[in-house]
Structures are given as structure tokens and as C-alpha cells.
Amino acid sequence: AKEQGPAIYQFYLPQMNERAVARLKIETQLRGALARREFVLHYQPKASLINGEITGFEALLRWQHPAHGLVPPLQFISVLEDTGLIVAVGEWVVKTVCEQIREWQGQGLVLHPIAINLSARQFQQQDLDSIIGETLRATNIDPRLLEFELTESVLMKEAEMAANALQNLKAFGVQISMDDFGTGYSSLAYLKRFPLDVLKIDRAFIRDVTTDPDDATITVAMIKLAHSLGLKVVAEGVETRAQLEFLIRHGCDEMQGYYFSQPLPLEGASKVLMGGYRL
Ligand code: C2E
Ligand code: CA
Ligand code: CA
Ligand code: CA
């Protein structure tokens, strides 16, 4: 092998190259997906643990790939984030959700807030808040029907930008949720520092909440903590009746998860809004 030149050319560079080529390929595909309007949103309903009624939806991105079918976000979100494409896709999500709210309103449906996920990368944009403000104005929807979910990592990576943007978003009248709570860093400091309305307990805690005493203790503590700070608390990833009963017993406000509903395509979400669907 030595005669063929320094190892770096035989091993390191070709491998780097392969990875870069693969990356570039998927980046090009994702750019095309946006241009060809292959992204779609599914909407997962949340339910009140007090009266079983629908309280809102979370908009979740999917890629409707012409050959591979519906591609879940875990397979492409990180590429969108690393390439910065999440900025354009994120704007599309905000616009699509606002237009959808307007359309549902036009159909005379009773509306509930729709939550949109924001990546750290989107807070590097100077004008994230003004883009959202403009979309709210252009579609003329009630800002209380819009909610933004961000993770602790957003607040950690983009503390300055996020603090500023969140103040402006709050001033518009939208809701702010802390997503995946309990999985990040310095959770407690962030709860005080940022203008939050909702805390979503990560499904990692809910999964074994009825069998693992530690998860049960942590979940109960998170519910109490949220309430003592005046925040609404939503449990994510609720899949069983037993988990549901545990959460009701401990005063959790809302739930989201397969026990109530999977994320639904647009037609499914419209049907849910037309009535009768409850926990
Ligand atoms: P997330 O924000 O934590 O969203 C909840 C995820 O949990 C969704 O996965 C949902 O389908 C799944 N889920 C809901 N109920 C259950 C349950 O009972 N059991 C289990 N096992 N899973 C449940 P999904 O749709 O695959 O999205 C994955 C992640 O991708 C999201 O996690 C979010 O971080 C990201 N994502 C999705 N859409 C967007 C978007 O428009 N923008 C950004 N920046 N990120 C997004
Ligand atoms: Ca979320
Ligand atoms: Ca989550
Ligand atoms: Ca997550």
C-alpha cells in the first residue's frame, strides 16, 4: 500500500469525499423537494386531561418523496439544519400553517392553536420574528392560534438571539412552548429567563412512567415545577391508558401521543376539527 502514496490519499480523502458527495446529493434533493413542493405537514392533536377535548395540534414536517413515499423528519431535519435550508423550509412551515388556519377559519371551524417547531439555526436569522409577524399580518389570523416550540438546546446555542426574538414573538401574542423538557441542559435556569407559556415533558420520561419509580418521581416533579411557575404542562408520547391515568392523577394539563392520535394528514385533521373527536 505504501507505494501508492501517503495513506491520507488512499483512505482519508476518498472517505471524506464520499461523505461530502452523499451530503451534497441529499442537499440537492432537499432543495428540489422545496421547489417541487414535496414537503407536507401532518397535524397531531393534543387533548385536555380535564375534559378530554382537543386543545390544539402540533404541525410535523414530512417529505412526500416521489419514489420513497412519506419520509419522516428524523431522516432529513439534521441535513436541513446543517445546510441552512431549514431557514427556507421553516418559513414555508410558518406560511403553510398560517394559511391553513385561515382556510379552516373560512370553513367556519372552531379553531385551536397550532404549534410549529423551530430549530436553533432559525434563530441565527436576524429577521425570524419579523418574518413571522409579516406572515401573521398577511394572513390576518389571530396570533393566539399560533404556538412555537423550541428545545433547551435552542436557548443554549442561541441565547441572545432567542431571548430577543422570543420577546418580540410574545409581543405579537403567540404562545411559546419548551419542547422535550428534561432532556437538555440547565433546564431550570431557562424556565426563569425566557417568556414561556407551556412545558412539554419529553416522552423519554412518559414511556416508563408507570413502571419506573424514578421516571414517575421526575414526571410528578416536572408537573409541580411547571405549575408553580404558572406554565401549562403537556405530556408527550402517551401511548397507554395506564400512562394517561397516571398523568390525570398527578394533575398534568394536556396530553399528546398515539393513545389519542397519530399525526394526521390534512384531511384527517380537518375531520377532527369538524367535531366529535375526543379522548
Ligand atoms: P418533536 O417536536 O418532539 O415531535 C414529536 C414527535 O413524537 C413526532 O415525531 C411525533 O410523531 C412523535 N410522537 C407523537 N406521539 C408519539 C407517541 O405516542 N409515541 C411515539 N413513540 N412517538 C410519538 P416526528 O413527526 O417524526 O418528528 C420528529 C422530530 O422532528 C420532532 O420531534 C421535531 O424535533 C422535528 N420536526 C418535525 N417537524 C419539524 C419542523 O417543521 N421544523 C423543525 N425545525 N423540526 C421539526
Ligand atoms: Ca415539538
Ligand atoms: Ca417533543
Ligand atoms: Ca424531539
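Residues numbered from 1 in each chain as written. Chains lettered and ligands numbered in written order. Predicted model: local features only at pLDDT ≥ 70, side-chain atom pairs only at ≥ 80, totals over all residues. Heavy atoms only, no water.

*Asks:* Can you explain helix α6 (residues 159-172)? Please cite residues and give values.
*Replies:* Because the α-helix completes a turn every 3.6 residues, residues three or four places apart line up on one side. The terminal C-alpha atoms of α6, which comprises 14 residues, lie 20 Å apart, in line with the 20 Å expected from a rise of 1.5 Å per residue. Within the span of α6, buried status applies to Ala-159, Ala-162, Ala-165, Leu-166 and Leu-169. The buried residues of α6 occupy an angular sector of 130° when the element is viewed end-on, so they sit on one face. For α6, exposure combined with an orientation more than 90 degrees from the buried face picks out Glu-160 and Ala-171. Where α6 terminates, the next one or two residues include Gly-173, which has phi positive at roughly 105°. (Helix = DSSP H or I, 4+ residues; strand = E, 2+ residues; numbered from the N terminus. Expected span 1.5 Å × (residues − 1). Buried < 20%, exposed > 50% of the residue type's maximum accessible area, 1.4 Å probe, protein only. Arc of directions from axis to C-beta.)

*Asks:* Any details on the site of ligand 1? Residues and values, ideally.
*Replies:* The local shell around ligand 1 holds 22 residues, among which Arg-62, Ser-119, Asp-179, Glu-239 and Tyr-258 are the closest. A distance of 3.2 Å separates an oxygen atom of ligand 1 from a polar atom in the side chain of Glu-58. A distance of 2.5 Å separates a nitrogen atom of ligand 1 from a polar atom in the side chain of Glu-239. In isolation ligand 1 exposes 800 Å². Once the protein is present, 84% of that is buried. Listing elements by their share of the shell around ligand 1, those giving two or more residues are β2 (54-65), α3 (85-106) and β6 (175-181). The element that contributes the greatest number of residues to the shell around ligand 1 is β2, accounting for 4 residues. Looking at the shell around ligand 1 residue by residue, the class counts come to 9 nonpolar, 6 polar and 7 charged. (Near = heavy atom within 4 Å. Polar contact = N/O pair within 3.5 Å; in protein donor to acceptor, adjacent residues only side chain to side chain. Areas by Shrake-Rupley, 256 points an atom, 1.4 Å probe, with all protein chains shown as cover. Nonpolar A, V, L, I, M, F, W, Y, C, P; charged D, E, K, R; others polar.)

*Asks:* Give a detailed account of the coordination of the calcium ion (ligand 2), specifying residues and quantitative values.
*Replies:* Ideal values for angles at a metal depend on the geometry: 109.5 degrees with four tetrahedral donors, 90 or 180 degrees with six octahedral donors. Distances from the calcium ion (ligand 2) to its protein donors, namely Glu-58 (OE), Asn-117 (OD1), Glu-149 (OE) and Asp-179 (OD), fall within the range 2.1 to 2.3 Å. Mapping the donors of the calcium ion (ligand 2) onto the primary sequence yields the spacing E-x58-N-x31-E-x29-D. Between the calcium ion (ligand 2) and the calcium ion (ligand 3), a separation of 3.8 Å is found, and both are coordinated by Asp-179. In this pair, Glu-58 sits in strand β2 while Asn-117 sits in strand β4 (residues 114-117), placing the two residues 59 residues apart along the sequence. (Donors = N, O, S within 2.8 Å, 3.2 Å for Na, K, Ca; no water.)

*Asks:* Summarise unusual backbone geometry; cite the residues concerned and give the values.
*Replies:* Unusually for a residue other than glycine, Arg-37 sits at a positive phi of about 55°. Structurally, Arg-37 is set in the loop between α1 (7-35) and β1 (39-48). Judged by its relative accessible area of 66%, Arg-37 falls in the exposed class. The phi torsion at Asn-140 lies on the positive side, around 55°, for a residue other than glycine. Here Asn-140 lies in the loop between α4 (128-139) and β5 (146-151).

*Asks:* Can you explain the confidence of the model for the protein? Please cite residues and give values.
*Replies:* Model confidence for the protein is summarised by a mean pLDDT of 92, while 94% of its residues fall at 70 or above. The ipTM for the predicted assembly is 0.98, set against a pTM of 0.93. (pLDDT = per-residue confidence, 0-100.)

*Asks:* How would you explain the packing of α4 against α6 if you had to name every residue and give the values?
*Replies:* Each packed pair of helices is defined by two parameters, the angle between the axes and the distance between the axes. Here α4 crosses α6 at 15°, and the two axes come no closer than 9 Å. One finds that α4 runs roughly parallel with respect to α6. The element α4 and its partner α6 pack so that their crossing is right-handed. Along its contact with α4, which presents Asp-129, Ile-132, Gly-133 and Leu-136, the element α6 presents Ala-165, Asn-168, Leu-169 and Phe-172. Of the residues assigned to the contact of α4 with α6, the class counts are 5 nonpolar, 2 polar and 1 charged. (Axes fitted to C-alpha atoms, helices over the stretch in contact; angles between N-to-C directions. Parallel < 35°, antiparallel > 145°, perpendicular 65-115°, else oblique. Left-handed = near helix turned anticlockwise from the far one by under 90°. Contact = heavy atoms within 4.5 Å.)

*Asks:* Got a sec to walk through the side chain of Ser-119? Specific residues and values, please.
*Replies:* The residue Ser-119 is located in the loop between β4 and α4 in this model. According to the relative accessible area criterion, Ser-119 is buried, its value standing at 10%. Reaching out from Ser-119, the side chain makes a polar contact with the side chain of Glu-81 at a distance of 2.5 Å. Not counting the four nearest positions on each side in its chain, Ser-119 is found in contact with Glu-81, Ile-86 and Val-154.

*Asks:* Describe the pattern of salt bridges, naming the residues involved and giving the relevant values.
*Replies:* Overall, the coordinates contain 15 salt bridges when judged by the stated rule. Residue Arg-23 pairs with Asp-82 through a salt bridge whose shortest N-O separation is 2.4 Å. Taken together, the residues span a long stretch of sequence, with Arg-23 in helix α1 and Asp-82 in helix α2 (residues 77-83) at a distance of 59 residues. Connected via shared salt-bridge partners are Glu-58, Glu-149, Lys-200 and Glu-236. (Salt bridge = Lys/Arg side-chain N within 4 Å of Asp/Glu carboxyl O.)

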